[in-house]
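Notes for the structure review
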Amino acid sequence: MPVLPGAEPYRHDGGEVGILLCHGFTGSPQSLRPWARYLAGHGLTVSLPLLPGHGTRWQDLALTGWPDWYAEVDRELRALRERCARVFVAGLSMGGALALRLAARHGDSVEGVVVVNPANKVHGLSAPALPVARHLVRTAKGVVGDIAKEGVRETGYDRVPLHSAHSLRTFLRLVDGQLPQVTQPLLLLRSVRDHVVPAADAARILSRVSSTDVTEVLLEQSYHVATLDHDADRIFEETLAFIGRLAPSVGKEGTTAGG
């Protein structure tokens, strides 16, 4: 299937500091592309992959599960490590959970973690029924497009395959168990008004990681997809400052990034 316009992966070869950006469940690289381009423009090497089953049609997502999504970002991280001296991981929503698992499993190979409205649990009264319901009902209403800024759209699916939602639930429970293994500096940015991921998820993550260098930033003007919303510039600037503090060579020689 052809990739939806704007959902293509993004890569930029920059300096010796790299960052891997992970998009969310049923979303695509489109939601993180401005973030990626901003960091590329300040000299970073950037990888923003398209997760398997995403960016085409929801029927393709139904054929994949969390091992496919995680394997993709794991491969990208390993490729970045070969190219760069220092590597950071970041993500939005489920992408935040992917980033946290990468940090837990790769240890000192990851310098720091940036997560925006990270998911920790599949919520709702129907969540416990997913193991059975996925065999009876194919899809549920989509979760993309929670943006306060008028005229801005997120490229993603308007339906959620329940097989994939069940796999996501399994994955988030797995990641929750691995959070104590996250020791890297952590920057967590959270929207005060998020209609997809409740504040309890961020609180749970902050209470379970072993990181001692932790910064939480509240985003007052954005909904869930904050990387496309009113607070996008703040996310970009806070990310660059976080990376620059840990890798001071960043931003000394800015470049112009296309893509």
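Throughout, a residue's number is its position along its own chain's written sequence, starting from 1. Where local features are concerned, this predicted model is filtered to residues with pLDDT of at least 70; where side-chain atom pairs are given and counted, the filter is 80 or more; whole-chain, interface and lining totals use all residues. Only hydrogens and water are set aside when side-chain values are computed; all heavy atoms of the structure are taken into account.

**Let's talk about the environment of P52**
Selection criterion: Working definition: helices are DSSP H or I runs of at least four residues, strands are E runs of at least two. Numbering for both runs from the N terminus. Residues are treated as being in contact if the distance between any of their heavy atoms lies within 4.5 Å.
For P52, the location among the structural elements is in the loop between β3 (45-48) and α2 (58-61). Taking the C-alpha atoms as reference points, P52 and Y10, 42 residues apart in sequence, are found 15 Å from one another. Filtering out sequence-adjacent residues up to four positions away, P52 remains in contact with L61, T64, D68, W69 and E72.

**Looking at unusual backbone geometry**
What counts here: Residue exposure (1.4 Å probe, protein chains only): buried if accessible area is under 20% of the type maximum, exposed if over 50%, otherwise partly exposed.
Although it is not a glycine, T26 sits at a positive phi angle of roughly 70 degrees. If you trace the backbone, T26 turns up in the loop between β2 (17-22) and α1 (33-41). For T26, a relative accessible area of 0% translates into the label buried.

**Quick notes on the packing of aromatic side chains**
Spelled out, the test is: Each aromatic pair joins two rings of Phe, Tyr and Trp (for Trp, the six-membered one) with centres within 6.5 Å, and gets the label stacked for planes under 30 degrees apart, edge-to-face for over 60, and tilted for any other angle. Charges are assigned to positions over rings by a cutoff of 6 Å between ring centre and Lys NZ or Arg CZ, combined with an angular limit of 35 degrees from the ring normal.
Per the stated rule, a full pass over the model turns up four aromatic pairs. On the basis of an interplanar angle of 70 degrees and a centroid distance of 6.3 Å, the ring pair of F88 and F242 is categorised as edge-to-face. Of the two residues, F88 sits in strand β4 (residues 86-92) while F242 sits in helix α8 (residues 232-246), which places them 154 residues apart along the sequence. Over the ring of Y70 we find R101; its NZ or CZ atom is 4.4 Å from the centre of that ring.

**Focus on the pairing of strand β9 (residues 214-219)**
Cut-off, in case you're wondering: Following DSSP output, two strands are said to pair if at least two bridges run between them. We call a crossover right-handed when, viewed with both strands directed away from the observer, the connection leading from the first strand over the helix to the second proceeds clockwise.
Here six bridges tie strand β8 (residues 186-191) to β9, and the two strands are oriented parallel to one another. Residue L186 lies in a different strand from β9, and its bridge partner there is V214. Where the polypeptide runs from β8 across helix α7 (residues 199-208) and back to β9, its parallel neighbour, the crossover connection is right-handed.

**Some points on the pattern of salt bridges**
Spelled out, the test is: A side-chain nitrogen of Lys or Arg and a carboxyl oxygen of Asp or Glu constitute a salt bridge if their distance falls within 4 Å.
Overall, the coordinates contain twelve salt bridges when judged by the stated rule. Measuring nitrogen to oxygen at the nearest pair gives 2.7 Å for the salt bridge that ties R75 to E72. Residue R75 and its partner E72 are both found in helix α3 (residues 66-83); the two are separated by three residues, about one turn of the helix. The exposure class assigned to E72 is buried, which follows from its relative accessible area of 16%.

**Here we look at the sheet that holds strand β1 (residues 10-12)**
Spelled out, the test is: In this analysis, axes come from line fits to C-alpha atoms, helices being fitted only over the stretch in contact, and the angle between any two N-to-C directions falls in the range 0 to 180 degrees.
Spatially, the seven strands line up as an open sheet ordered β1-β3-β2-β4-β5-β8-β9, and their pairing is mixed. Taken across any chain shown, the strands that pair with only one partner, and hence form the sheet edges, are β1 and β9. The sheet shows a mean angle of 15 degrees between the axes of neighbouring strands, taken without regard to direction. Relative to β2, α3 is tilted by about 170 degrees, and along the sheet it contacts β1, β2, β3 and β4.

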